[in-house]
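Below, each chain spelled out in residue letters.
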Amino acid sequence: MADLVLSGGGVKGIALAGAVAALTDAGYRPWRVSGTSAGAIVGALVAAGLTGDTLSETAMRMDYEKFADRVPLDRIPLVGTGLALLADDGLYRGDYAREWVARELAELGVHTFGDLRLDDDQLPPEQRYRLVVTCADVTLGRQIRLPWDFRAVYGLDPDRQSVADAVRASMSLPLLFRPVTLTNPDTGRRSTVVDGGVVSNFPIDSLDRTDGKPPRWPTFGITLLPDIPGGDNGLLPGWLSRIIPAPVRLLERVVTTAVIGRDQAYQHKPWVEARTIAVNSTAAGFTDFNITPEQVRALHDDGYAAAEHFLAGWNWRTYLDRFRVHPA
């Protein structure tokens, strides 16, 4: 048994599927999965029951070019591409991504979070789900974890909320995908929700126990985060980065730093590195939606190999002896 935490990474997310496939092939059964953005997509498939070759095959069926369902910028007259991008809240609609996730989950019998409920009395009631995705509510200025926060923050019954909608919210990277709106039916307040990577692209501690008791089984993190600076850390497609005005380019760097910078520092902490599978995902950039089948396979295989290498040196008892009480 194991819990899994999957980082964001855009197109690089196929490597997550490779790493999870290696873990399940090695005998680890996922109990809960926490994910952000691309990690939310792969995490939803895992939470719905996909493992091993079936997970790999499903993830590699994604049509990445269709994920880039561009908003028509020419319908906003008299402004340049960069300003049109800002005016429309995102370069891509994100409709195909949401529909793809919904379709794949439906084939596995999963529609709402009620379908992912766990019978686990060692967890707080609001956390008894196989999947949790990280988002950022920019209206409230806070991190959101769905379905955990549906009732407390939005007055919504988590069991009735769409898993695909929550995954879509978690991948609403500013500038790239349109944000999602959540409305509290009791207060009428409308919240704008964006990619969880803005607050935590690698929420490695999201599934840790908070009652002071030792963990029941390992929590493995899988990260695709590049180092800053680096050649593949731009969030906008190359064609757009070359023509956008300087203010938009600066905003892209701010968002990139928010997504990568915090977690880049945190993941090098000894107690984080000890349970983290770091994948060398340089076969493609975040937004290489024209990725080739060869690159898809390379990313997947890099993830699988990274997990195999990690497990060769992993020892659960050694980890518990060193890190079951985390440093302050």
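If you're wondering where the values come from, they're calculated on a predicted model, not measured in any experiment.

Undergrad: I would appreciate a short explanation of the overall build of the protein chain in the present structure.
TA: A tally of helices and strands in the protein chain yields 14 helices and eight strands. A buried classification covers 54% of the 328 residues belonging to the protein chain. Across the protein chain, every contact between residues at least 6 apart in sequence was considered, and the portion connecting residues at least 24 apart equals 75%. Surface exposure of the protein chain reaches about 14200 Å², of which carbon and sulfur atoms provide 50%.

Undergrad: Any chance you could explain helix α6 (residues 95–107) here in plain terms?
TA: Helical geometry: 3.6 residues make up each α-helical turn, so side chains three or four residues apart lie on a common side. Along its 13 residues, α6 runs 19 Å from first to last C-alpha, staying within 8% of the 18 Å computed at 1.5 Å per residue. Here α6 has its buried residues at Tyr96, Ala97, Trp100, Val101, Glu104 and Leu105. With its buried residues spanning 160° around the axis, α6 presents them on a single face. Against the buried residues of α6 lie α2 (38–47), α3 (52–59), α4 (64–67) and α8 (163–170). Downstream of α6 by one or two residues, Gly109 has phi in the positive range, about 80°.

Undergrad: I tried to follow the environment of Val42 on my own but got confused; where do I start?
TA: You can see Val42 is positioned in helix α2. Sequence-wise, Val42 and Ala17 are 25 residues apart; in three dimensions their C-alpha atoms are separated by 6.3 Å. Residues contacting Val42, with those up to four places away along its chain left out, are Leu6, Gly13, Leu16 and Ala17.

Undergrad: Just to check I follow, could you spell out the pattern of salt bridges for this structure?
TA: What the rule picks out here adds up to 11 salt bridges. Between Lys66 and Asp63 there is a salt bridge; the shortest N-O distance is 4.0 Å. Residue classification places Lys66 among the partly exposed positions, given a relative accessible area of 48%. Classification of Asp63 by relative accessible area gives partly exposed; the value is 28%.

Undergrad: Would you mind showing me how to read the side chain of Asp149 here?
TA: Residue position: Asp149 is located in the loop between β4 (142–146) and α7 (150–154). For the buried residue Asp149, which engages in no salt bridge, the nearest side chain bearing the opposite charge is Arg142, 4.2 Å off.

Undergrad: Got a minute to help me understand the nonpolar core in this structure?
TA: A general tendency of soluble globular proteins is for nonpolar side chains to be buried together. Counting residues in each nonpolar core, the largest one holds 86 residues, and the members touching the most others are Leu131, Tyr154, Val163 and Ile222. The greatest single-element share of this core, amounting to eight residues, is contributed by helix α1 (residues 14–25).

Undergrad: So what exactly am I meant to see when it comes to the pairing of strand β5 (residues 180–183) here?
TA: Within a regular strand, side chains alternate between the sheet's two faces. Side chains Val180 and Leu182 of β5 all project onto a buried face; the interleaved residues Thr181 and Thr183 project onto a face where none is buried. Pairing geometry for β5 and strand β6 (residues 190–195), over four bridges, is antiparallel. Across the sheet, residue Leu182 finds its bridge partner in β6, namely Ser191. Hairpin remark: β5 followed by β6, antiparallel, with six residues in the connecting loop; positive phi at Gly188, about 80°.

Undergrad: Just to check I follow, could you spell out the packing of aromatic side chains for this structure?
TA: Each aromatic ring pair is described using two quantities: the centre-to-centre distance and the angle formed by the ring planes. Evaluated as defined, the whole model comprises 17 aromatic pairs. An angle of 85° between the planes, with centres 6.5 Å apart, marks the rings of Phe177 and Phe289 as edge-to-face. Of this pair, Phe177 sits in the loop between α8 and β5 while Phe289 sits in the loop between β8 (276–278) and α13 (293–312), and the two are 112 residues apart along the sequence. Here the two residues Phe177 and Phe289 agree in accessibility, since each one is buried. Clustering of aromatic rings is evident, with ring pairs tying together Tyr28, Phe220, Phe310, Trp314, Trp316, Tyr319 and Phe323.

Undergrad: Teacher, can you tell me more about unusual backbone geometry here?
TA: Leaving glycine out, the prevailing phi sign among residues is negative, and the prevailing peptide bond configuration is trans. Residue Leu146 is joined to Pro147 through a cis peptide bond whose omega torsion reads 15°. Tracing the sequence through the fold places Pro147 in the loop between β4 and α7. For Ser37, which is not glycine, the phi dihedral falls at a positive 55°. With respect to the helices and strands, the residue Ser37 is situated in the loop between β2 (30–35) and α2.

Undergrad: Help me understand the confidence of the model for the protein chain, please; the structure alone is not making it clear to me.
TA: The share of residues in the protein chain with pLDDT of 70 or more is 80%, and the mean pLDDT across the chain is 85. Note that pLDDT drops below 50 for residues 76–80; the model gives that stretch four contacts with residues more than four away or on any other chain.

Undergrad: How do you make sense of the environment of Thr210 when you look at a structure like this?
TA: Within the element layout of this structure, Thr210 appears in the loop between α9 (197–200) and β7 (219–223). On the basis of relative accessibility, which here comes to 78%, the residue Thr210 falls in the exposed class. Counting along the chain gives 87 residues from Thr210 to Leu123, while the straight-line C-alpha distance between them is 9.7 Å.

About the thresholds
Residues numbered from 1 in each chain as written. Predicted model: local features only at pLDDT ≥ 70, side-chain atom pairs only at ≥ 80, totals over all residues. Heavy atoms only, no water. Helix = DSSP H or I, 4+ residues; strand = E, 2+ residues; numbered from the N terminus. Buried < 20%, exposed > 50% of the residue type's maximum accessible area, 1.4 Å probe, protein only. Contact = heavy atoms within 4.5 Å. Areas by Shrake-Rupley, 256 points an atom, 1.4 Å probe, with all protein chains shown as cover. Expected span 1.5 Å × (residues − 1). Arc of directions from axis to C-beta. Salt bridge = Lys/Arg side-chain N within 4 Å of Asp/Glu carboxyl O. Lys, Arg positive; Asp, Glu negative; His and termini not counted. Core = buried A, V, L, I, M, F, W, Y, C linked by side-chain atoms within 4.5 Å. Pairing = 2+ DSSP bridges. Phe/Tyr/Trp six-rings, centres within 6.5 Å; stacked < 30°, edge-to-face > 60°. pLDDT = per-residue confidence, 0-100.

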